[in-house]
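# Structural overview
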Amino acid sequence: MVDRVAGAPLKTAVGADSISARDVYGGAGFAGAYRMRPYVFVCAPKAQTLPSLLFIIFYLKKGGPFMLHLLYALALLLLLCGACAILAERFTLSPALLPLPVLSGAVVVLYLCGVTGFLRVGAVAVLLALAAVWVVGLVQYRPAGVAAAWKRVASVPGFTLFLGGAAFIWLLFCVQQPMFTQWDEFTAWGLAPKMVVERGAFYVADPVNLKASFTYPATSLITFLFQPFGPWAEWACLAAIDTLALACLAAASALPRERWAGGVLVFAAGFLLPFFFSATPTGSYAAQYVNAMADLPLAMLFGGTLCLYFAVGRRKIAYWLVALPLAVLTLTKDICFAYGLITAFLIGLDLWLAADEPCRKAFPKALLRAGALAVIVLAAFSSWGCYTAAVTPTADTAASVGSEGLSYGAVLVGGVKQLLGMGRTEKFAQIMAAMGSAFFTRRICLLGGGIMAVAAITMVAAAAWLAADRGAPHRRVLAAHLGFAFCFAALYLFHLILYNYNFSDLEGLALKDYDRYLAPYYQAWMLAMLCLLARGARERLAQLATGGAAAVIFAVFCWRGVPAAGFWSGADSLYTLRADVQNRADTMNTVLGWPDRVLVISQGDDATRWYYYRYELTAQVVNGFGGFYGRLGETQDRWDSDFMNLVESENWTLYDYKAVCVPDTLVAYMAEKDCDYILIDRADDYLQREFSPLFEGGLTNDMPATLYHFEGADAAVPFTLAAVAESGVE
C-alpha cells in the first residue's frame, strides 16, 4: 500500500482499478461495447473437417513467438505434471496435492537465485530438477511403471482438472491475446513482471520505471517461470498466474478416487468464487482471471495452502509441502505478511484443538510447528525488505506507511490506541463508523454485504461440522471456522487503521478499494470450508451438502453475476487505446534503449496515455511536475508529479491537470532531469505557437507522435528529430 504521486489525483475521476473508463472501456454502457473476437475452432463434419484442420495448422504456424510461448508452457506443464505423478507414487500422496507445492518450490528457487543475481540460472535449475524427477522415476519404476502412474493420476479429478484447465487457459489466451486493462497493472503489477522477463533480473536491482518497494516478487516469478528466455507476452503472464490459481484449486479438491464427484464440485465452486465474491457492475467486463494484480493469487494461495494442510495433516512431509506455498503467499503482496501469519495461526490452532491427544499435551507440539511456519513467513518477508534496501538504499525502499512515513510498528500502536479511545481523531472516528456500516451495506459478494458473505460461509461450515465424525474432526471444523472469524475481525480492524494512516482524508472516508482488500479473505475462507465439507467422514451427507453448496454458488452466479465478457471472450474495445500507444511506442523503441531518459508530453491526457507509455517504452520515463514553473529559477511553486499538460497560465481551464511551463523552463527542466529525449505524443495550439522554435521542423497541433533528441540547453535547436509514428486513434 503506497501513496499516489503528489499533485495528480489519478484515480478520483476514473474509478478504483481501471484506467480512464472513458477511453479504455469505450463506453461499456451502450450496445456492442464488447466486440468478441471470432476465434472458435470447430471440428466441422465431413467435408469441413479438413479446411478447419488446415486453418488451425496455418494459425499455429503463423503464430511466431506466441507459439513458442505456448509450446514451452505446455511442455513445462507436462514436465511438471509428470514430476507430480512420480512424486505421488513415491510418497503415496494424492497427485492433486502436488502441483501447488511443486510450483511454489520453483518460485522459491527462482527467488533465491534472483536475489543473488542469477535469475535465469534459477530457471535452468528448475527445469533440470523436474527433468531429474522424470529420470529417477524412469529408472526406479521403468517406463511401464511411469505409464501406469500416469494412468492412475488421470483418474484423480483434481489433478486432471488442473492439467486440463491449465492447458485450456494457455490455448485460449494464445488465441485471444488478452492484454492488461487495470490501472495498477500499468503502475506496478503488470510492469514488474514485464521488466523481470525482459531484463532477466529483479526490477529493484535495475529500477527503470518502478519504485523498488511497490510490489512483491511472487507474481513476477511465476510469470518468469513460464517465459524465462523468450520475449515478453502479456497473455502468457495472465495464463501463468491462472495456472498457479488452478494449482491451489487442485489442492482443495484432492479427494480419494471414490469421492471424485466431490472433488469436481469443489474445483468448480472454487473456480467461481472470485466471481461470487466481487462487486463487478452488471454488464461490465470481468477481469477476475485476466489481470496481473495480486488479488487472485492472494486469495487462492491463502485458501489453497490451508486446504493442502487439511489434506496432508500430520504427516512428516506436511511441513515442507505447506511451507513452500506459505513462503510464496508471503512474497505476493505487502499485506500477505499478515495473511502468512494468519495461516500459521490457523494451522497451529488445528494442531492444538483437533489433535487426537488431550489439548494440554498437544499444545507444545502445535506451538512449535506453528512457530516454525511463522519463521518461514518472517524470513520471506524480511528477506525481500533487506534485499530492496541493499540494492536501492533510498527513502523509497524503507518500510513505511502513508505520507508521514511512519513505521508499521508506529502505525499499529497508534491505531490500537485510537481504537481504545486514547487520542482518537475525528478522521479515525468517521472511518470507524464507515467501516462498521460497510460490513452490512457495502456490496462484497453477489448476495450483498459482508454480513451476507459470513452467513453463507457459516452455513457451509455448519454442513461440514454435521458431515464430520465426532471428536477431532468436529473440533477441526469448529476451530477452523472460529479461527477464520477471529482473524477476519483482526484484519478488519487492521484495514481500519490503514485507512486512517495510509490514505488521504477523501479516500479514507470513502473506504477506497474496500472490496478489493477484503474479498480475497472471504474467498479463501469459503474455499477452506468447502474443502472440509467435501472431506467429511459421513460420505453421503458430505457429497449431498457439497453438491448443494456448489449448486447455490452456481445458481447465484447465473442469477446475479454472469458478466457481459470475461476471460473466455475477447473484448477488443478494451484495447483500442492500448494498441494505439503500443504502435507508437514500438516506433520509438527502435531508437530508445534502457539507459535513455524520456520526458513524455501528451496534451489533454488524464494520465492514461502517460502510464501506457511508461509501460511500453524500453527507456526510463521521467516524471513531470505540477503547479507553476513559468520563470527560470523559481521552483518553489511546482511539485513532483507524473504526467503533465503544459499550459500558459494557471487560469487555463482547458485541462484538469496542468503545469504552467514556458519554452525556457521546459529546456531547463530537461537539463535538470538529465533527459535524453522528449516524446510529443499529442500537441495543441499552445505548443505550436510558443514551442515550435525549439523543435526541428516545428510543431503542429495535429502532428503525429514524434520523438526528439535533446541536444542540450545551449544548442541553437535544442530538440532534433529522432522518430515519427503515425496513428489514427486520438
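To keep things clear, this report deals only with the structure shown in the data block. In this text, all values refer to a predicted model and were calculated from it rather than measured experimentally.

## Describing the overall build of the protein chain
For the protein chain, the count of helices and strands is 26 helices and nine strands. With 730 residues in all, the protein chain has 56% of them scored as buried. In the form shown here, the protein chain has an accessible surface area of approximately 29,300 Å², with 65% of it arising from carbon and sulfur atoms.

## Some points on the sheet that holds strand E6 (residues 659-661)
Backbone hydrogen bonds are what pair the strands of a sheet, in a parallel or an antiparallel way. Here four strands make up an open sheet; going across it, the order is E4-E3-E6-E5 and the pairing mixed. Of all strands in the sheet, those with a lone pairing partner are strand E4 (638-640) and strand E5 (646-647), marking the two edges. Note: E5 against E6, two bridges, orientation parallel. Bridge assignment links Val-647 to a residue of E6, and that residue is Val-660. Seen against the sheet, helix H25 (residues 663-672) touches strand E3 (625-629), E4 and E6 and runs at an angle of roughly 130° to E3.

## Let's talk about the environment of Ala-125
Topologically, Ala-125 is positioned in helix H5 (residues 119-154). Linking Ala-125 and Ala-106, residues 19 residues apart in sequence, is a C-alpha distance of 8.9 Å.

## Let's talk about a nonpolar patch on the surface
Nonpolar side chains collect at one region of the surface, where Trp-465, Leu-466, Leu-478, Leu-482 and Leu-541 lie side by side and expose about 470 Å² of accessible area between them. Within the secondary structure, Leu-482 is located in helix H19 (residues 472-502).

## A closer look at the environment of Gly-348
With respect to the secondary-structure elements, Gly-348 resides in helix H14 (residues 336-353). In this structure Gly-348 comes out as buried when scored by relative accessible area, which is 9%. If sequence neighbours within four positions are ignored, Gly-348 has contacts with Ala-366 and Ala-370.

## Thoughts on the packing of helix H12 (residues 295-312) against H14
One way to put it is that H12 packs onto H14 with a least axis distance of 11 Å and a crossing angle of 20°. By the angle class used here, H12 and H14 are roughly parallel. Classified by chirality, the crossing of H14 by H12 is right-handed. Residues Leu-298, Phe-302, Thr-305, Leu-306, Tyr-309 and Phe-310 of H12 form the contact with H14, whose own contacting residues are Cys-336, Tyr-339, Ile-342, Thr-343, Leu-346, Ile-347, Asp-350 and Leu-351. Counted by class, the contact of H12 with H14 contains 11 nonpolar, two polar and one charged residues.

## Remarks on the packing of aromatic side chains
Under the defined criterion, the tally for this structure stands at 56 aromatic pairs. Plain terms: the ring middles of Phe-302 and Tyr-521 are 5.4 Å apart, the flat faces sit at 45° to each other, and that makes the pair tilted. Within this pair, whereas Phe-302 is found in helix H12, its partner Tyr-521 is found in helix H21 (residues 514-534), the two being separated by 219 residues in sequence. Considered together, Phe-302 and Tyr-521 belong to a single accessibility category, that of buried residues. Residues Tyr-686 and Phe-691 carry aromatic rings whose centres are separated by 5.4 Å and whose planes lie at 80° to one another, so their mutual orientation is edge-to-face. Phe-691 shares its class with Tyr-686; the two are buried. The positively charged end of Arg-199 is found above the aromatic ring belonging to Trp-594, 4.4 Å away from the centroid.

## Let's talk about the environment of Phe-277
The topology assignment puts Phe-277 in the loop between helix H11 (260-276) and H12. Spatially, the C-alpha atoms of Phe-277 and Ala-453 are 8.0 Å apart, while their sequence positions differ by 176 residues. Excluding residues that lie within four positions of it along the chain, Phe-277 makes contacts with Ile-444, Cys-445, Ala-453, Ile-457, Ala-519, Tyr-522, Gln-523 and Met-526.

## Here we look at the nonpolar core
Trp-170, Phe-277, Phe-302, Tyr-514, Tyr-521, Tyr-522 and Met-529 are the most contacted members of the largest nonpolar core, which totals 212 residues. Of the residues forming this core, the biggest block, 17 residues, is contributed by H21. Counting residues in hydrophobic clusters, the runner-up holds 27 residues, among them Met-644, Leu-666, Phe-691 and Phe-710.

## Some points on the sheet that holds strand E7 (residues 677-682)
Read from one edge of the open sheet, five strands run E2-E1-E7-E8-E9, paired in mixed fashion. Strands with a single pairing partner mark the edges of an open sheet, and in this sheet they are strand E2 (620-622) and strand E9 (719-725). On average, each strand axis in the sheet is tilted by 30° relative to the strand beside it, whichever way the strands run. One ladder, built from five bridges, connects strand E1 (residues 597-602) with E7; its direction is parallel. Looking across to E7, one finds that Leu-599 is bridged to Ile-678.

## Some details on the state of the cysteines
Scanning all chains against the criterion turns up zero disulfides. No disulfide involves Cys-84; its nearest neighbouring cysteine sulfur is the one of Cys-81, lying 5.8 Å away.

## A short note on the side chain of Thr-181
Tracing the chain through its elements places Thr-181 in the loop between helix H6 (157-176) and helix H7 (183-189). Classification of Thr-181 as buried rests on a relative accessible area of 0%. Engagement of the side chain of Thr-181 in a polar contact is seen with the side chain of Gln-182, the distance being 3.1 Å.

## Here's the deal with helix H13 (residues 318-330)
The end-to-end C-alpha distance of H13, which contains 13 residues, comes to 18 Å, matching closely the 18 Å that a straight helix rising 1.5 Å per residue would cover. The buried count for H13 comes to 10 of 13 residues, which makes it a mostly enclosed element. Within the span of H13, buried status applies to Ala-318, Leu-321, Val-322, Ala-323, Pro-325, Leu-326, Ala-327, Val-328, Leu-329 and Thr-330. Where the residues of H13 are buried, they touch helix H4 (99-115), helix H9 (218-226), H12, H14 and helix H15 (359-391).

Each value, and the rule that gives it
Residues numbered from 1 in each chain as written. Predicted model: local features only at pLDDT ≥ 70, side-chain atom pairs only at ≥ 80, totals over all residues. Heavy atoms only, no water. Helix = DSSP H or I, 4+ residues; strand = E, 2+ residues; numbered from the N terminus. Buried < 20%, exposed > 50% of the residue type's maximum accessible area, 1.4 Å probe, protein only. Areas by Shrake-Rupley, 256 points an atom, 1.4 Å probe, with all protein chains shown as cover. Pairing = 2+ DSSP bridges. Contact = heavy atoms within 4.5 Å. Axes fitted to C-alpha atoms, helices over the stretch in contact; angles between N-to-C directions. Patch = residues over 30% accessible without salt bridge, like charges linked within 9 Å, V, L, I, M, F, W, Y side chains within 5 Å. Salt bridge = Lys/Arg side-chain N within 4 Å of Asp/Glu carboxyl O. Parallel < 35°, antiparallel > 145°, perpendicular 65-115°, else oblique. Left-handed = near helix turned anticlockwise from the far one by under 90°. Nonpolar A, V, L, I, M, F, W, Y, C, P; charged D, E, K, R; others polar. Phe/Tyr/Trp six-rings, centres within 6.5 Å; stacked < 30°, edge-to-face > 60°. Lys NZ or Arg CZ within 6 Å of the ring centre and 35° of its normal. Core = buried A, V, L, I, M, F, W, Y, C linked by side-chain atoms within 4.5 Å. Disulfide = S-S within 2.5 Å. Polar contact = N/O pair within 3.5 Å; in protein donor to acceptor, adjacent residues only side chain to side chain. Expected span 1.5 Å × (residues − 1).

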